[in-house]
There are 2 protein chains.
Amino acid sequence: MSVANRKTQVIQRAFVTILPLSAAPSGPAPAQGVDGLRAEVVDLLQRARVAARLLQTATTAQKNAFLARTADRLRQQAELIEQKNAVDLDASRSQGRNAAFLDRLRLDRRAAMAVADSVDQVRSLPDPIGQITSGSRQPNGLRIRKERIALGVIGMIYESRPNVTVDAAVLCVKAGNSVVLRGGSEARHTNLALCDLLRAALTDVGLPADAVLYPLHTDHAVIAALVGQVGGLDLAIPRGGTALIDAVNAHARVPVIQHYQGVCHIYVHHAADLDQALPILINAKAQRPGVCNAAEAILVDAAIAAQAVPRIVEQMQAAGVQVRGCPRVMALVGPPTIPAQSQDDGCEFLDLIVLLRVVDDLDAAVSHIAQYGSRHTEAILTTDLRAANAFTQRVDASCVMINASTRFNDGGCLGLGAEIGISTTKLHAYGPMGLQHLTAERWVVVGDGHIRT
Amino acid sequence: MSVANRKTQVIQRAFVTILPLSAAPSGPAPAQGVDGLRAEVVDLLQRARVAARLLQTATTAQKNAFLARTADRLRQQAELIEQKNAVDLDASRSQGRNAAFLDRLRLDRRAAMAVADSVDQVRSLPDPIGQITSGSRQPNGLRIRKERIALGVIGMIYESRPNVTVDAAVLCVKAGNSVVLRGGSEARHTNLALCDLLRAALTDVGLPADAVLYPLHTDHAVIAALVGQVGGLDLAIPRGGTALIDAVNAHARVPVIQHYQGVCHIYVHHAADLDQALPILINAKAQRPGVCNAAEAILVDAAIAAQAVPRIVEQMQAAGVQVRGCPRVMALVGPPTIPAQSQDDGCEFLDLIVLLRVVDDLDAAVSHIAQYGSRHTEAILTTDLRAANAFTQRVDASCVMINASTRFNDGGCLGLGAEIGISTTKLHAYGPMGLQHLTAERWVVVGDGHIRT
């Protein structure tokens, strides 16, 4: 190891484990440059692995005590966190970031209290580790069971919302994993303060502080280094914009579960109950347009387009939504509806904008979704059972909604208690990921001198 | 699309769908070169995707009829397959391949009949698609269920044994997936004949022939192209040597479940019943040394080394096993036991060779396994319940065996019916992978006008 590398390690260790919580989190800068960065990441991954091994024997009581201490410290230090967050907010403001960006970045005292409440909620969830998910006695007398174990070391790579720092850390540790967190540089001061808090809470209860780690290097190359080492992480979870996820995928040599975009469609079938359909459409689009389970496109069956389209447009406009219509929609309504462009198909607006299309039938709706959907959430509104069944069978999405708002595709709404993300890949997890998805199932086989013949 | 690319596609289509089964499978060569190769892979992946969509509505009866027709055709065409296999065997013989290699490559009439029997066995397994794995009614009245669906398009990249061609294809299709197969070039004639047979069986029952595809390009770059396209495959399963798996990992832009090496250890605890332990050790090492769940290293507790080591060495030698001993072993026994070298730690011998080490205690055994194990199968032999529990909790492996041979880590022995491989990664599946692991679970939510507030 070069002298420069060794220096980086020492600084990193000194910083994270010894620096008092009140010190400036951007304090002593690590050695920058490619070598220093790689050395830091290798060191972080090794320390995370050692912590993961120690967590294997942590009890539920210890892990819950860590969550309780985290919530306590969040409540006690809410003011400090607000101060650190103010530094991040000021920097983003001076860079001319818009109100929505600043809103996502904000973690004031009230928000910190809310994060503490969500930690308490995770504490109340059952511990998945050690659960026996199936078992049998084989004809030869071997006793076989499948048991939940931790994955090991998880890398969480995310943007903006600093509450993810705490949410991800408590979910990972409750499921017996250590976690390397890498949030966006815009939230750096907030995230480092939260990370110090989490590490202190681990120490409080006798768990290894290195179960929660955060790289000090600010370079984007940290992401590639984190996910690029075979066997370094057991799982990488990128959560953020397309550019972030693409960067992780491009460099990953470890398993990745991506939380990709939500291009959610609602198909209004010709047998839909329009009085029931309209509130669902408005809720799915306008209740919280900036999130991944908001609807981005509405497909109206041609057989009811003449009645349905004007009502949908009217109510969308009343809710402040800009409607972009296909030619068949534009033949039915005038301004302020504007003609859709080709790039509106498959677009994740994340805004008060909706694409409105007339489609010939269920086949056409399914084809459109197959081409432009993102495997997140797709909905059909209908009173026809056969149409509901056909749509469910033929659409590929982590969640298919029948006569319900797309907004229900959420770990809380689906009974998971808390979620670390919504997977749009099918491996391991498809849809909202809770504690259970941060574990693996291994086999335990008990014999009494059994040999294979 | 260039003219060259279009030509490749046409040749590929004409070959796979029209060429009679008796024609030379190496028949019309596709346009070689990088462009031709990429065009072929893009075309294969597109056709596999179309077939996967059609398979979404296939019934269990249709899929089982495909398996029945496959078994019939295997029995009818066993002689043809033996002939094609003879071409591959001759080529490998003239390249000076050893007997073990030729044995893995051989698929004679009798072996073809055995493959047909294994197809019948998969036919008898329950169809995983459509299984409801959990469900609930939420307090707001939303009815939620999780249902098994197919993954989509699976890429199977493997070496040597041509029976994998049939085993993988029938497992993938029974689980509703299309599959792109890429076997080793040494088995090319056999694999193409089997692939033609599988495609004919699909056509027999009205399922899309493109549910089973096999690239014609022989270049190794096909592997990189197959796994390198984001969204092209839903899952890649490499199964073979380290070089193959590393090549897939290096190029993969799709999820990979690797069937990596099996460096399996057996720890003989000081409270082991030696009379029971010895047959287990011999079985684990010598019953079939060339497979991944064979034991490669035995760790003997220092407290019983003086009694245990000579007996183990004697019986291993009687079974034709070469013992490589650590210095503490060499102090107890003489030739023909030879001193172990450092590279013997963590080595997958796949042969009648075993590493024998004396370790201080359970801690030392667990540490050795953490450093050299491959997360496949680890065993403890003991009559002490606390030791068994501690070992189980602290060892990281897809399967932990207590007083049983490592050879039981196998889909058949663990009740899966048939397996497509043994995963040594923890995501999605850890250990033997059966039909269930070729599926995903998606959410279906049925409301009655539900909106989120």
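Residues numbered from 1 in each chain as written. Chains lettered and ligands numbered in written order. Predicted model: local features only at pLDDT ≥ 70, side-chain atom pairs only at ≥ 80, totals over all residues.

A.B. asks: What is the right way to look at the overall build of chain A in this model?
C.D. replies: The secondary structure content of chain A amounts to 15 helices and 16 strands. Taken against the 2.2 N^0.38 rule, which gives 22 Å for 453 residues, the C-alpha radius of gyration of chain A at 25 Å falls within 12% of a compact globule. In terms of overall dimensions, chain A has a C-alpha envelope of 70 × 70 × 40 Å along the principal axes. Looking at chain A residue by residue over its 453 residues, the buried ones come to 53%. (Helix = DSSP H or I, 4+ residues; strand = E, 2+ residues; numbered from the N terminus. Rg over C-alpha atoms; globule rule 2.2 N^0.38 Å. Buried ≥ 20, exposed ≤ 12 C-beta atoms within 10 Å, placed from the backbone.)

A.B. asks: So what exactly am I meant to see when it comes to the packing of helix α3 (residues 60–76) of chain A against helix α8 (residues 188–204) of chain A here?
C.D. replies: When two helices pack together, their arrangement is captured by the angle between the axes and the distance separating the axes. Residue and element names in this part refer to chain A. Where α3 contacts α8, the axes come no closer than 8 Å and their chain directions differ by 135°. Considering the angle they form, α3 stands oblique to α8. Once α3 is placed against α8, the crossing between them reads as right-handed. Of the residues in α8, those in contact with F66, R69, T70, R73 and L74 of α3 are L197, L198, A200, A201, L202 and D204. (Axes fitted to C-alpha atoms, helices over the stretch in contact; angles between N-to-C directions. Parallel < 35°, antiparallel > 145°, perpendicular 65-115°, else oblique. Left-handed = near helix turned anticlockwise from the far one by under 90°. Contact = placed C-beta atoms within 7 Å.)

A.B. asks: In this structure, what is going on with the relation of the copies chain A and chain B? I would like to understand it.
C.D. replies: Between the two copies of this chain, the relationship is a rotation about some axis together with a displacement along it. At an RMSD of 0.1 Å, chain A and chain B line up after a rotation of 180° and a shift of 0.0 Å along the axis. Taken together, the turn and the small shift mark the pair as related by a two-fold rotation axis. For chain A, the residue whose C-alpha comes nearest the rotation axis is A:H428, separated from it by 1.8 Å. Of all interface residues in chain A, 100% are interface residues in chain B too; the two copies therefore contact each other through one and the same surface. (Least-squares fit on C-alpha atoms with pLDDT ≥ 70 in both.)

A.B. asks: What is the right way to read the sheet that holds strand β4 (residues 178–182) of chain A from this model?
C.D. replies: Two pairing modes exist for strands in a sheet, parallel and antiparallel, and in both the strands are linked by backbone hydrogen bonds. Residues and elements named next belong to chain A. With parallel pairing, 4 strands are arranged side by side in an open sheet as β5-β4-β3-β6. Of all strands in the sheet, those with a lone pairing partner are β5 (212–213) and β6 (235–239), marking the two edges. By the bridge criterion, 5 bridges tie strand β3 (residues 153–158) to β6 in an arrangement that is parallel. In the sheet register, Y158 faces β6, and the bridge partner there is R239. In this fold helix α7 (residues 163–174) packs onto β3, β4, β5 and β6, with an angle of close to 165° to the strand it touches most, β4. (Pairing = 2+ DSSP bridges.)

A.B. asks: What is the right way to read the interface of chain A and chain B from this model?
C.D. replies: Where interface size is quoted, it is often the accessible area lost as the parts come together. At the junction of the two partners, chain A supplies 53 residues and chain B supplies 53 residues. Ranked by residue count, the leading element in the side of chain A that touches chain B is strand β16 (residues 439–450) of chain A, at 11 residues. Looking at the side of chain A that touches chain B residue by residue, the class counts come to 24 nonpolar, 20 polar and 9 charged. Bridging between strand β13 (residues 399–404) of chain A and strand β16 (residues 439–450) of chain B involves 5 bridges; their strand directions are parallel. Each residue of the ladder has a partner; that of A:C399, found in β16(B), is B:W443. (Nonpolar A, V, L, I, M, F, W, Y, C, P; charged D, E, K, R; others polar.)

A.B. asks: Is there a simple way to explain the confidence of the model for chain A in this structure?
C.D. replies: Predicted coordinates in areas of low pLDDT are best not read in detail. Across chain A, pLDDT averages 90, with 93% of residues at or above 70. A low-confidence stretch, residues 1–28 of chain A stays under pLDDT 50, and its non-local contacts, those more than four residues away or across chains, total 38 contacts. (pLDDT = per-residue confidence, 0-100.)

A.B. asks: Sorry if this is basic, but what is going on with the pairing of strand β11 (residues 353–359) of chain B here?
C.D. replies: Along any regular strand the residues' side chains alternate between the sheet's two faces. Residues and elements named next belong to chain B. Counting buried residues in β11 gives 6 out of 7 residues, a clear majority hidden from the surface. Two strands pair when backbone bridges link them, and strand β8 (residues 295–301) and β11 are joined in this way by 5 bridges, in the parallel orientation. Across the sheet, the residue bridging to A297 is L355, located in β11. Bridge count for strand β9 (residues 322–325) against β11 is 4 bridges, and the pairing is parallel. Counterpart to V323 in the pairing with β11 is V354.

A.B. asks: Explanation requested: the environment of B:R75 in the structure shown.
C.D. replies: Residues and elements named next belong to chain B. Tracing the backbone through its elements, the reader meets R75 in helix α3 (residues 60–76). Judged by C-beta crowding, with 15 C-beta atoms within 10 Å, R75 ranks as partly exposed. Sequence separation between R75 and M113 is 38 residues, and the spatial gap between their C-alpha atoms is 5.8 Å. In contact with R75, other than residues within four places in its own chain, are M113 and A116.

A.B. asks: Looking at this structure, how should I read the pairing of strand β9 (residues 322–325) of chain A?
C.D. replies: Bridging between β9(A) and strand β10 (residues 338–339) of chain A involves 2 bridges; their strand directions are parallel. Residue pairing in the sheet places A:R324 in a bridge with A:I338 of β10(A).

A.B. asks: What should I look at first to understand the sheet that holds strand β1 (residues 132–137) of chain A in this one?
C.D. replies: On the basis of which strands lie adjacent, the open sheet formed by 10 strands has the order β1(A)-β2(A)-β16(A)-β13(B)-β12(B)-β7(B)-β8(B)-β11(B)-β9(B)-β10(B) and mixed pairing. In this open sheet, the two strands that pair with only one neighbour each are β1 of chain A together with β10 (338–339) of chain B. Pairing geometry for strand β7 (residues 264–268) of chain B and β8(B), over 5 bridges, is parallel. When the sheet's bridge partners are listed, B:V268 is paired in β8(B) with B:V300.

A.B. asks: I would appreciate a short explanation of the environment of B:A100 in the present structure.
C.D. replies: Counting through the fold element by element, B:A100 comes out in helix α5 (residues 99–105). Separated by 190 residues in sequence, B:A100 and B:G290 have C-alpha atoms that sit 8.7 Å apart.

A.B. asks: Where do I start with unusual backbone geometry in this structure?
C.D. replies: Most peptide bonds adopt trans geometry, and most residues besides glycine take a negative phi value. All names here are of chain A. Omega for the peptide link from P335 to P336 comes to 10°, which places this bond in the cis form. Relative to the assigned elements, P336 resides in the loop between α13 (327–330) and β10. Positive phi, normally seen in glycine, also occurs at L350, with a value near 50°. You can see L350 is positioned in the loop between β10 and β11 (353–359). Although it is not a glycine, R375 adopts a positive phi angle of roughly 65°. For R375, the location among the structural elements is in the loop between α14 (362–372) and β12 (377–381).

A.B. asks: Can you walk me through the packing of helix α11 (residues 274–286) of chain B against helix α12 (residues 305–318) of chain B in this structure?
C.D. replies: All names here are of chain B. Two numbers describe how α11 lies on α12: the axes approach to 10 Å, and their chain directions differ by 40°. One element, α11, and the other, α12, form an angle in the oblique class. Of the two elements, α11 crosses α12, and the hand of that crossing is right-handed. Residues L274, L278, L281, I282 and K285 of α11 touch α12, and the partners they reach there are Q307, A308, R311, I312, Q315 and M316.

A.B. asks: Where do I start with helix α7 (residues 163–174) of chain B in this structure?
C.D. replies: Helical periodicity: at 3.6 residues per turn, an α-helix aligns residues three or four positions apart in one direction. Residue and element names in this part refer to chain B. Given a rise of 1.5 Å per residue, 12 residues ought to cover 16 Å, and the 17 Å separating the end C-alpha atoms of α7 matches this to within 8%. When α7 is considered as a whole, its buried residues turn out to be V164, T165, V166, D167, A168, A169, V170, L171, C172, V173 and K174. Phi for G176, located one or two positions after α7, is positive at around 80°. (Expected span 1.5 Å × (residues − 1).)

A.B. asks: Help me understand the environment of B:F408 in this model?
C.D. replies: When you line up the elements, B:F408 lands in the loop between β13 (399–404) and β14 (421–423). The buried category is assigned to B:F408, around which 26 C-beta atoms lie within 10 Å. The spacing of B:F408 and B:A284 is 124 residues in sequence and 8.9 Å in space, taken between C-alpha atoms. Contacts of B:F408, omitting those with residues within four sequence positions, involve A:L142, A:V445, A:H450, A:R452, B:M401 and B:C413.

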